[in-house]
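These are the residues of each chain, in order.
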Amino acid sequence: MKLGGEVQIVKQSLAGGRSGVSQHLKELEFRLKHKRLEKRSVEDIKTYVLLKKAETNSISNSPKYNNQCHYECSYQPVDIKLYELSDVYCNIECSSFVSGDIKSVYIEEFPYISCQDANYKSGFLVRHDTKSAYIKNIRKNSVRAFKRALFLGGNGSFNFYHWMIEIAPKLLVLTDEALTQRAVNTIIVSECVQKNDNYQWILQQCLKHLHDIEIVYAQPKEVLFVEHLYFVNTFNQTIYNYHNFLDDYRTSTIFNKEVVIDLRHRLSNATLHSPEQRLDSTSHKKIFILRNEDAVSSYNKRSYNQDEVFSFFEKEGFVGVYPDKLSLIEQITMFQEASFIVGPSGAAWSNLLFAQEGTKAISWLPEQLKYFDTYCSLANILGVDMHYLQYQVKCGKVHGSYRLDLQQLIDLYQQIQ
């Protein structure tokens, strides 16, 4: 009946021309490949244990332009909870969970941005609004099943920032007792962690206090079914994406400062056991972050006049570095010893986690993302003096190529050095 209705709509649209027909055919094709579910929130799940109560307010801040901090917002960090979900489908690259009867999907939402403005599309979740969500059709005969497991994945689990700052630190709030009481000795992780030495190193350091754990790696497109799935909510979190860019500043990144500091100490101390891998700090006091165009997707190129910009900073004593070509131990020691850091916004700035108080930094953002507060809020927690410039992208694409105003950048640098 529903299919017939869609066909009737297509027939009725013939009078509207080819564009109308094409649009209806696309919608019909979409609905044949995807299933519409009731949209729910992870917050609706009442089966959880409280691991850590949020007690004090935190501050998020918008990027500092013209040597001024435009906006600050006070927010209540989220309580850290260990959820138990029964009979659910999941995908390692998605922070959403589908009920066993495939009628509802529970989406982990950012607490301070409405679902109407947010976009959590990732993994097998392909579209949603405030009431409904569409997922890729689940083929039960190809699903990988587990009895009990801890889910250590989610939106952006393949990305350095999301993995190191948002996902892996969840292990730091767990104990052997909490897992043993629930008979959990399996942790499901993205296979990209297995393939990336730096991601693997982070996992091993965050796991050190836990024992008798089996790590199982899941493929990006794989659908998993877990009878008893355990999931720690994302207490360090940046809103994954927007449906529409906001016209004013609102908190779009939250951190649990206590866990951030714990993570910083855990990973920093681990580098002391590998002194042979630490960089020579004397030659990396001023660093310029270079983008490795060979390592980014076509969607996220963001090519710019890098050679021209770096040429100026090289004369100022800056060393150009490709963080993604270094071991994480090398990245940590480099940011620990740096007194000044310059570079385009990107996941490499996650290493601000290791920067010293008083370090100076300059980055830049497209006009559409002028309120992007992830790295400036992290800098604020750690006492890093971070400044920004805005730029306009070509063709209006937020991840597209652009030309940075070098003179404007030089003026900012000379003001704060």
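Here the structure is a predicted model, which is why all the values come from computation and not from measurement.

S.K.: Got a minute to help me understand the side chain of Thr251 in this structure?
M.R.: Mapped onto the secondary structure, Thr251 falls in the loop between strand 16 (237-238) and strand 17 (253-254). If sequence neighbours within four positions are ignored, Thr251 has contacts with Ser60, Cys73, Tyr75, Phe110, Tyr112, Ile113 and Asp373.

S.K.: Sorry if this is basic, but what is going on with the packing of helix 6 (residues 197-207) against helix 7 (residues 257-271) here?
M.R.: When two helices pack together, you describe them by how their axes are tilted relative to each other and by the distance separating the axes. Two numbers describe how helix 6 lies on helix 7: the axes approach to 10 Å, and their chain directions differ by 110°. One way to sum up the angle between helix 6 and helix 7 is to call them roughly perpendicular. Between helix 6 and helix 7, the contacting residues are Trp201, Gln205 and Cys206 on the first element and Leu263, Arg266, Leu267, Ala270 and Thr271 on the second. Looking at the contact of helix 6 with helix 7, its residues break down into five nonpolar, two polar and one charged.

S.K.: Looking at this structure, how should I read the nonpolar core?
M.R.: Side chains of nonpolar character tend, in soluble globular proteins, to be buried together. Ranked by size, the top nonpolar core spans 91 residues in total, and within it Trp163, Leu171 and Leu352 carry the most contacts. When sequence neighbours within four positions are dropped, the list of residues in contact with Leu352 reads Arg264, Phe335, Ile341, Tyr375, Leu378, Ala379, Leu382, Val384 and Met386. Within the second largest apolar cluster, 23 residues are counted, among which are Phe288, Trp364, Val393 and Ile416.

S.K.: Where do I start with the pairing of strand 8 (residues 96-99) in this structure?
M.R.: Residue alternation in strand 8 divides its side chains into two sets, Ser96 and Val98 and Phe97 and Ser99, and both sets are buried. Summarising the sheet, strand 7 (residues 80-90) and strand 8 pair through two bridges and their orientation is antiparallel. For Tyr89, the partnering residue across the bridge sits in strand 8 and is Val98. What sits between the antiparallel neighbours strand 7 and strand 8 is a turn of five residues. In this structure, strand 8 lies alongside strand 9 (residues 104-107), joined through three bridges in antiparallel fashion. Bridge pairing in strand 9 links Phe97 to Tyr106. Between strand 8 and strand 9, which pair antiparallel and follow one another directly, the connecting turn spans four residues, one of which, Ile102, has a positive phi of 55°.

S.K.: When you look at helix 11 (residues 406-416) in this model, what are you seeing that I'm missing?
M.R.: For the α-helix, the turn length of 3.6 residues means that residues three or four positions removed from each other point alike. All of the buried residues along helix 11 are Leu406, Leu409, Ile410, Leu412, Tyr413 and Ile416. Each buried residue of helix 11 sits inside an arc of 165° when the element is viewed along its axis, so together they form one side. Those residues of helix 11 that are buried lie in contact with strand 18 (286-289), helix 8 (306-315), strand 20 (340-342), strand 21 (360-366) and strand 22 (385-391). For helix 11, the N-terminal capping position is held by Asp405, with its side-chain oxygen 3.1 Å away from the main-chain nitrogen of Gln407.

S.K.: What is the right way to look at empty space enclosed by the protein in this model?
M.R.: Rolled over the atoms, a probe as big as a water molecule pinpoints where empty space is left. With the rule as written, the count across this model stands at one cavity of 30 Å³ or more. The calculated volume of the largest cavity comes to roughly 110 Å³. Contributing elements (two or more residues each) for the lining of the largest cavity: helix 3 (160-167) and strand 16. Examining the composition of the lining of the largest cavity, we find that three residues originate from one element, helix 3, more than from any other. Partitioning the lining of the largest cavity into residue classes produces three nonpolar, eight polar and three charged.

S.K.: Looking at this structure, how should I read the packing of aromatic side chains?
M.R.: The geometry of an aromatic ring pair is captured by the separation of the ring centres together with the interplanar angle, meaning the angle of the planes. The final tally for this structure, using the stated rule, is 26 aromatic pairs. Measuring from ring centre to ring centre gives 6.4 Å for Phe160 and Tyr199, while their planes differ by 20°; the resulting arrangement is stacked. Placement of the pair is Phe160 in helix 3 and Tyr199 in helix 6, with a sequence separation of 39 residues. The exposure class of Phe160 is buried, given its relative accessible area of 11%. Between Tyr249 and Tyr371, the ring centres sit 6.2 Å apart and the planes meet at 50°, which makes this aromatic pair tilted. Taken together, the positions of Tyr249 in the loop between strand 16 and strand 17 and Tyr371 in the loop between strand 21 and helix 10 (374-382) put the pair 122 residues apart, joining distant regions of the chain. Here the two residues Tyr249 and Tyr371 agree in accessibility, since each one is buried.

S.K.: Would you mind going over the sheet that holds strand 18 with me for this structure?
M.R.: Adjacent strands of a sheet form backbone hydrogen bonds with each other and so pair up, either parallel or antiparallel. With parallel pairing, the five strands of this open sheet are ordered in space as 19-18-20-21-22. Strands with a single pairing partner mark the edges of an open sheet, and in this sheet they are strand 19 (319-321) and strand 22. Neighbour-to-neighbour, the strand axes of the sheet open up by a mean angle of 25°, direction not taken into account. Sheet topology note: the strand 21/strand 22 ladder contains seven bridges and is parallel. Of the residues in strand 22, the one forming a bridge with Lys360 is Asp385. With respect to the sheet, helix 8 is in contact with strand 18, strand 19 and strand 20, its orientation differing from that of strand 18 by roughly 175°.

S.K.: Mind showing me how you'd approach the environment of Tyr106 here?
M.R.: Within the element layout of this structure, Tyr106 appears in strand 9. According to the relative accessible area criterion, Tyr106 is buried, its value standing at 17%. Spatially, the C-alpha atom of Tyr106 lies 36 Å from that of Ser401, the residues being 295 residues apart in sequence. The residues touching Tyr106, leaving out its near neighbours within four places in the chain, are Arg40, Ser41, Val42, Asp44, Ile45, Ser95, Ser96 and Phe97.

Calculation criteria
Per chain, the residues get numbers from 1 upward, laid out in the order the sequence is written. The predicted nature of this model means local features are confined to residues of pLDDT at least 70 and side-chain atom pairs, given and counted, to a pLDDT of 80 or more, with totals for whole chains, interfaces and linings taken over all residues. The basis for every side-chain value is the complete set of non-hydrogen atoms in the structure, without hydrogens or water. To qualify as a helix, a DSSP run of H or I must reach at least 4 residues; to qualify as a strand, a run of E must reach at least 2; elements of each kind are numbered from the N terminus. Contacts were defined at the residue level, with two residues in contact if any of their heavy atoms lie within 4.5 Å. To define axes, lines are fitted to C-alpha atoms, for helices over the stretch in contact only, and angles between the resulting N-to-C directions are given on a 0 to 180 degree scale. These descriptions rest on fixed angle ranges, namely under 35 degrees for roughly parallel, over 145 for roughly antiparallel, 65 to 115 for roughly perpendicular, and the rest for oblique. Each residue is assigned to one class: nonpolar for Ala, Val, Leu, Ile, Met, Phe, Trp, Tyr, Cys and Pro, charged for Asp, Glu, Lys and Arg, and polar for all the others, Gly among them. Only buried Ala, Val, Leu, Ile, Met, Phe, Trp, Tyr and Cys residues count toward a nonpolar core, and they belong to the same one when joined by side-chain atoms within 4.5 Å. Exposure categories follow from relative accessible area, calculated using a 1.4 Å probe and restricted to protein chains: below 20% of the type maximum is buried, above 50% is exposed, and the middle band is partly exposed. Two strands qualify as a pair provided that DSSP identifies no fewer than 2 bridges between them. Here the arc refers to the directions that run from the helix axis out to each C-beta atom. In protein, a polar contact means a hydrogen-donor-capable atom and an acceptor-capable atom, both N or O and within 3.5 Å, with residues adjacent in sequence counting only if both atoms are side-chain atoms; elsewhere, any N or O pair within 3.5 Å suffices. We place a 1 Å grid over just the protein atoms. Points where a 1.4 Å probe fits but has no way out form a cavity, open points with protein on both sides within 12 Å along at least 5 of 7 lines form a pocket, and any residue with an atom within 4 Å of a point lines it. Grid points are joined across faces, edges and corners, and a volume is the space filled by probe spheres set on the points. Put simply, two rings from Phe, Tyr or Trp (the six-membered ring, in Trp's case) pair if the centres are within 6.5 Å, and we call them stacked under 30 degrees between planes, edge-to-face over 60, tilted for the rest.

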